[in-house]
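Chain residues, written in single-letter form:
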Amino acid sequence: PNPELTLTKAELVQRIRDLISERKPTQAKAAQVLGLDQPKVSALVRGRVDGFTYDRLFRFLNALGQRVEINIRPTETSDDRRSVEARHAHVEQHH
């Protein structure tokens, strides 16, 4: 496995965990919002990344009110080996 991709996936799962933690829903309610069953939400909350594709993680972030952007650009130098980077910005929600 590619370590950069594994790290990026872990960063996405961490962001999902943080969003769930901030909202403090029950796992059953989080499951409903994410379209998962409760055991899969439990796996996410425990930081498990296996079995979750990037597409699914992006959809979970969307369901939690986040916009996902993917930026593609040339590397700055040949020494810049990290090919994938996950970034997130706090998005204020107005009610």
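About the thresholds
- Residues numbered from 1 in each chain as written.
- Predicted model: local features only at pLDDT ≥ 70, side-chain atom pairs only at ≥ 80, totals over all residues.
- Heavy atoms only, no water.
- Helix = DSSP H or I, 4+ residues; strand = E, 2+ residues; numbered from the N terminus.
- Buried < 20%, exposed > 50% of the residue type's maximum accessible area, 1.4 Å probe, protein only.
- pLDDT = per-residue confidence, 0-100.
- Contact = heavy atoms within 4.5 Å.
- Salt bridge = Lys/Arg side-chain N within 4 Å of Asp/Glu carboxyl O.

Peer 1: Go over the overall build of the protein with me, naming the residues and quoting the values.
Peer 2: When its secondary structure is counted, the protein shows four helices and zero strands. Along the protein, helices (α) and strands (β) appear in the sequence α-α-α-α when read from the amino end. Counting only residues that meet the buried cut, the protein has 24% of its 95 residues in that class.

Peer 1: Provide a residue-level description of the confidence of the model for the protein, including the pertinent values.
Peer 2: Mean pLDDT over the protein: 81, with 79% of residues reaching 70 or higher. By mean pLDDT, the top-scoring element of the protein is helix 4 (residues 54-63) (93), and the lowest-scoring one is helix 3 (residues 38-45) (87). When the criterion is pLDDT under 50, residues 90-95 qualifies, and its contacts beyond four places in sequence or with other chains add up to five contacts.

Peer 1: Lay out the pattern of salt bridges in plain terms, naming residues and giving numbers.
Peer 2: Counted under the stated rule, the structure contains three salt bridges. Notably, a salt bridge pairs Arg 59 with Asp 55, separated by 3.2 Å at the nearest N-O pair. Pair noted here: Arg 59 and Asp 55 are both in helix 4, with a separation of four residues, about one helical turn. Overall, the relative accessible area of 47% leaves Arg 59 in the partly exposed class. As a salt-bridge pair, Arg 67 and Glu 69 come within 2.8 Å of each other at their nearest N and O atoms.

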